[in-house]
Amino acid sequence: MTQDVELRGVVVRRHDLVVAMVGAADRDPEVFPRPDEFDVGRTDNRRLAFGHGTHFCLGEPLARLEAQIALPALLRRFPHLALRADRPRWRPSPLLRGLEELALAV
């Protein structure tokens with residue numbers, strides 16, 4: 001930055017180090033109601049998971065297609081699939097949010 005700036009009541013000085021916390025992306029409660037819940041029916045999809053603009057992930061269409069095929073096949077094979085724990089275990093990382101374990105009962 002070339003000058004000090006105030007962001008939401010916090011002053012960021014000209015030469016301060018600023019780190020983007022990618023693991024917090026798509027979890028802003030001002031944008032997403034119940035941001036910590038996985039909701040396949042969420043219609044407001046202004047998310048950052050696959051990047052944006054020139055940094056858009058070229059693999060995004062393949063990932064979507066894989067999910068459209070794999071998830072229904074999994075649910076057909078295991079129609080009573082359920083979580084074995086109240087909450088999944090998340091990987092302890094300040095940078096990338098991801099599951100460490102997702103225990104399921106089939």
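You'll find the structure just up there.
The following paragraphs examine the structure supplied in this document.

The next subject is the overall build of the protein chain. Check the secondary structure of the protein chain and you find one helix and six strands. Seen along its three principal axes, the alpha-carbon backbone of the protein chain occupies a region of about 60 × 30 × 25 Å. The burial tally for the protein chain puts 7% of its 106 residues in the buried class. A sequence separation of at least 24 residues applies to 16% of the contacts in the protein chain between residues at least 6 apart. Summed over its atoms, the accessible surface of the protein chain is roughly 9,400 Å², and 59% of this surface lies on carbon and sulfur atoms. Across the protein chain, the centroid of the 16 positively charged side chains sits 5 Å from that of the 15 negatively charged ones.

Attention now goes to a nonpolar patch on the surface. Judged by side-chain polarity, L17, V19, M21, V22, L95 and L96 come together as a nonpolar surface patch covering roughly 620 Å² of accessible area. If you trace the backbone, L17 turns up in the loop between β2 (10–12) and α1 (60–77).

When you line up the elements, E60 lands in helix α1. E60 gets classed as buried once you look at its relative accessible area, which sits at 9%. The contact partners of E60, leaving out residues within four places of it in the chain, are R47 and F50.

What follows is about the layout of surface pockets. Considering only enclosed or pocket space, the largest pocket measures out at about 1,700 Å³ in volume. If you trace the largest pocket, you find 35 residues lining it, with E37, F38, D39, V40 and W90 closest to the centre. When residues in the lining of the largest pocket are grouped by element, the largest group, seven residues, is from α1. Looking at the lining of the largest pocket residue by residue, the classes come out as 22 nonpolar, four polar and nine charged.

Here the structure, examined in full by the defined rule, presents six salt bridges. Put simply, R13 and D4 hold a salt bridge, and the shortest N to O gap is 3.3 Å. Judged by relative accessible area, which is 39%, D4 ranks as partly exposed. With a shortest N-O distance of 3.3 Å, R89 and E101 are connected by a salt bridge. On the criterion of sequence distance, the pair formed by R89 in strand β4 (residues 89–90) and E101 in strand β5 (residues 99–101) is long-range, its members being 12 residues apart. Taking relative accessible area as the criterion, R89 reaches 44% and is therefore assigned partly exposed. Here E101 falls in the partly exposed class, since its relative accessible area comes to 39%.

For R8, which is not glycine, the phi dihedral falls at a positive 50°. Mapped onto the elements, R8 comes out in the loop between β1 (5–7) and β2. Its relative accessible area of 70% is what places R8 among the exposed residues. A positive phi is found at R34, a non-glycine position, where the angle reads about 50°. Mapping R34 onto the fold places it in the loop between β2 and α1.

What counts and how
Residues numbered from 1 in each chain as written. Predicted model: local features only at pLDDT ≥ 70, side-chain atom pairs only at ≥ 80, totals over all residues. Heavy atoms only, no water. Helix = DSSP H or I, 4+ residues; strand = E, 2+ residues; numbered from the N terminus. Buried < 20%, exposed > 50% of the residue type's maximum accessible area, 1.4 Å probe, protein only. Contact = heavy atoms within 4.5 Å. Areas by Shrake-Rupley, 256 points an atom, 1.4 Å probe, with all protein chains shown as cover. Lys, Arg positive; Asp, Glu negative; His and termini not counted. Charge placed at Lys NZ, Arg CZ, Asp CG, Glu CD. Patch = residues over 30% accessible without salt bridge, like charges linked within 9 Å, V, L, I, M, F, W, Y side chains within 5 Å. Salt bridge = Lys/Arg side-chain N within 4 Å of Asp/Glu carboxyl O. 1 Å grid on protein atoms, 1.4 Å probe; cavity = no way out; pocket = protein on both sides within 12 Å on 5 of 7 lines; lining within 4 Å. Points joined across faces, edges and corners; volume = space filled by probe spheres on them. Nonpolar A, V, L, I, M, F, W, Y, C, P; charged D, E, K, R; others polar.

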